[in-house]
Amino acid sequence: MEKEDPMFRNILIPTDGSPLATIAVDAGIAFAKEASAKVTILAVTEPFHLFSVDPEQVSGTRDEYEALASKHAAEMLAALARKTEAEGVACQTEQVSSHEVYRAIIDQATRKDADLIVMASHGRGGVGSLMLGSVAAKVLAHSTIPVLIYRAKK
């Protein structure tokens, strides 16, 4: 009897490091382990904006903000890679910068030949989410790759 091809081989898990996104990353890792899939964990940093609701962007210069955002993303990704590998799941990490976070997620999923995108239903709250819209909703609306939206229990 031939062994069936696995349904999922590579799962893209985008994260912004927020508590909800971290819960979704953990769920994505557990799902990947069950599916015998590898994961690509993605951090998308947004370039400096002259007008922003993000306090980190208002308090410093463009270079300071971009260096801080890149460092924070790299540290977060390294920690998540260690966690993923400790669970016995093969892991790659990617960090990109984009004004259109949803588009960067979809583009990376395509580049990495992902079979599935696993993400939180929202990683931002307050005014930022109202002005920017839901990244998850945009990924869901525009992706040709299946998307699993993880919603944490309240």
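In this text, all values refer to a predicted model and were calculated from it rather than measured experimentally. (Residues numbered from 1 in each chain as written. Predicted model: local features only at pLDDT ≥ 70, side-chain atom pairs only at ≥ 80, totals over all residues. Heavy atoms only, no water.)

A few points about the overall build of the protein chain
Okay, step 1: Tallying secondary structure elements over the protein chain gives six helices and five strands in all.
Okay, step 2: The helix and strand sequence of the protein chain, counted from the amino end, reads β-α-β-α-α-β-α-β-α-α-β.
Okay, step 3: Residues classed as buried in the protein chain amount to 40% of the 154 residues present.
Okay, step 4: Put simply, 74% of the contacts in the protein chain that link residues at least 6 apart link residues at least 24 apart. (Helix = DSSP H or I, 4+ residues; strand = E, 2+ residues; numbered from the N terminus. Buried < 20%, exposed > 50% of the residue type's maximum accessible area, 1.4 Å probe, protein only. Contact = heavy atoms within 4.5 Å.)

Quick word on the sheet that holds strand 3 (residues 91-97)
Okay, step 1: Read across the open sheet, the five strands follow the order 3-2-1-4-5; overall the sheet is parallel. Edge strands, defined here as strands with exactly one partner in the open sheet, are strand 3 and strand 5 (147-150). Between one strand axis and the next, the sheet turns through 25° on average, direction left out of account.
Okay, step 2: Of the strand pairs in this sheet, strand 1 (residues 10-14) and strand 2 (residues 38-45) are connected by five bridges, and their pairing is parallel. If you follow Ile 11 over to strand 2, its bridge partner there is Val 39.
Okay, step 3: Across the sheet, helix 1 (residues 19-35) lies against strand 1, strand 2, strand 4 (116-120) and strand 5, angled at about 145° from strand 4, the strand it touches most.
Okay, step 4: The strands touched by helix 4 (residues 101-111) within the sheet are strand 1, strand 2, strand 3 and strand 4, with strand 2 carrying the most contacts at an inclination of about 150°. (Pairing = 2+ DSSP bridges. Axes fitted to C-alpha atoms, helices over the stretch in contact; angles between N-to-C directions.)

Thoughts on unusual backbone geometry
Okay, step 1: One non-glycine residue, Ser 36, lies in the positive phi region at around 55°.
Okay, step 2: Looking at the secondary structure, you find Ser 36 in the loop between helix 1 and strand 2.
Okay, step 3: At Asp 113, a position not held by glycine, the phi torsion is positive, near 55°.
Okay, step 4: Following the sequence through the fold, Asp 113 ends up in the loop between helix 4 and strand 4.
Okay, step 5: Using a relative accessible area of 61% as the deciding quantity, one classes Asp 113 as exposed.

Let's talk about the pattern of salt bridges
Okay, step 1: Here the structure, examined in full by the defined rule, presents four salt bridges.
Okay, step 2: A salt bridge links Lys 83 to Asp 26, with the shortest nitrogen-to-oxygen separation between them at 2.7 Å. Here Lys 83 is found in helix 3 (residues 62-86), whereas its partner Asp 26 is found in helix 1, with 57 residues between them in sequence.
Okay, step 3: The shortest N-O distance in the salt bridge between Lys 112 and Glu 94 comes to 2.8 Å. In this pair, Lys 112 sits in the loop between helix 4 and strand 4 while Glu 94 sits in strand 3, placing the two residues 18 residues apart along the sequence.
Okay, step 4: By relative accessible area, which is 24% here, Lys 112 ends up partly exposed.
Okay, step 5: A residue is classified by how much of its surface remains accessible, and Glu 94, at 23% relative accessible area, is partly exposed. (Salt bridge = Lys/Arg side-chain N within 4 Å of Asp/Glu carboxyl O.)

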